[in-house]
Amino acid sequence: MSLQDQFTQAQADSKNLPERPDNMTLLKIYALFKQGSSGDVTGERPGFTDMVGRAKYDAWDQLKGTSQEDAMQQYIDLIEELKG
């Protein structure tokens, strides 16, 4: 199975985890997914009134420079770990 196939499968698996991850883990999942699927962060950082958008942007921004393949693998590994 290719890395892209594993990434797609992990994305599907992420919707059926045994329990909802905490907010920090959810941010990490989001950031790794965005880095793996889109590469480095783009767009403007949301204003302070959009706390959720700002947290997501910052989490993704922390991965700047990580290759898409590396981010995909980290995403796959994290989802596997959360599946138990």
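Looking at an unreviewed UniProt entry, the protein chain carries the name Acyl-CoA-binding protein, with the source organism given as Massilia haematophila.

Engineer: What am I meant to see in the overall build of the protein chain here?
Structural biologist: For the protein chain, the count of helices and strands is four helices and zero strands. Mapped from its N terminus to its C terminus, the protein chain presents α and β elements in the order α-α-α-α. Summarising the internal contacts of the protein chain: among those between residues at least 6 apart in sequence, 72% fall at separations of at least 24. Accessible surface, the protein chain as shown: approximately 5,500 Å² in total, 49% of it carbon and sulfur. The averaged location of the 14 negative side-chain charges in the protein chain is 7 Å from the averaged location of its 9 positive side-chain charges.

Engineer: What should I look at first to understand the nonpolar core in this one?
Structural biologist: One broad rule of soluble globular proteins: the nonpolar side chains tend to lie buried together. Phe7, Ala10, Ile29, Ala31, Leu32, Tyr75 and Ile79 are the most contacted members of the largest nonpolar core, which has 17 residues in total. Contributing elements (two or more residues each) for this core: helix H1 (3-14), helix H2 (23-38), helix H3 (51-61) and helix H4 (68-83). Those residues within four positions of Ala10 in sequence are excluded, and the remaining contacts are Tyr75, Ile76 and Ile79.

Engineer: Can you help me understand the pattern of salt bridges in this one?
Structural biologist: Opposite charge on two side chains lets them pair, provided their charged atoms get close. Counted under the stated rule, the structure contains four salt bridges. Of the charged contacts, one joins Asp13 and Lys83 as a salt bridge, the two residues approaching to 3.0 Å between their closest N and O atoms. One end of the pair, Asp13, is in helix H1; the other, Lys83, is in helix H4, and 70 residues separate them in sequence. A salt bridge links Asp58 to Arg45, with the shortest nitrogen-to-oxygen separation between them at 2.7 Å. You can see Asp58 sitting in helix H3 and its partner Arg45 sitting in the loop between H2 and H3, a full 13 residues away along the chain. A relative accessible area of 25% places Asp58 in the partly exposed class. The partly exposed category is assigned to Arg45, whose relative accessible area is 40%.

Engineer: How should I be thinking about the UniProt feature "domain: ACB" (unreviewed entry) in the protein chain in this particular structure?
Structural biologist: Within this structure's numbering, the places UniProt gives as "domain: ACB" (unreviewed entry) are residues 3-84. The span residues 3-84 is 67% helical and 0% strand by assignment, and the distance between its end C-alpha atoms comes to 21 Å.

Engineer: Where do I start with H4 in this structure?
Structural biologist: Spacing of three or four residues puts side chains on the same side of an α-helix, whose turn is 3.6 residues. Look at H4: 22 Å from first C-alpha to last across 16 residues, which is about the 22 Å you get at 1.5 Å a residue. Three or more residues of H4 are buried, namely Ala71, Met72, Tyr75, Ile76, Leu78 and Ile79. In a view along the axis of H4, the buried residues occupy a sector of 165 degrees, so they form one face of it. Exposed and oriented more than 90 degrees from the buried face of H4 are Glu69 and Glu81. Residues of H4 that are buried in the fold lie against H1 and H2.

Thresholds, definitions, all that
Residues numbered from 1 in each chain as written. Predicted model: local features only at pLDDT ≥ 70, side-chain atom pairs only at ≥ 80, totals over all residues. Heavy atoms only, no water. Helix = DSSP H or I, 4+ residues; strand = E, 2+ residues; numbered from the N terminus. Contact = heavy atoms within 4.5 Å. Areas by Shrake-Rupley, 256 points an atom, 1.4 Å probe, with all protein chains shown as cover. Lys, Arg positive; Asp, Glu negative; His and termini not counted. Charge placed at Lys NZ, Arg CZ, Asp CG, Glu CD. Core = buried A, V, L, I, M, F, W, Y, C linked by side-chain atoms within 4.5 Å. Buried < 20%, exposed > 50% of the residue type's maximum accessible area, 1.4 Å probe, protein only. Salt bridge = Lys/Arg side-chain N within 4 Å of Asp/Glu carboxyl O. UniProt positions renumbered as here; feature names shortened; annotations may be inferred. Expected span 1.5 Å × (residues − 1). Arc of directions from axis to C-beta.

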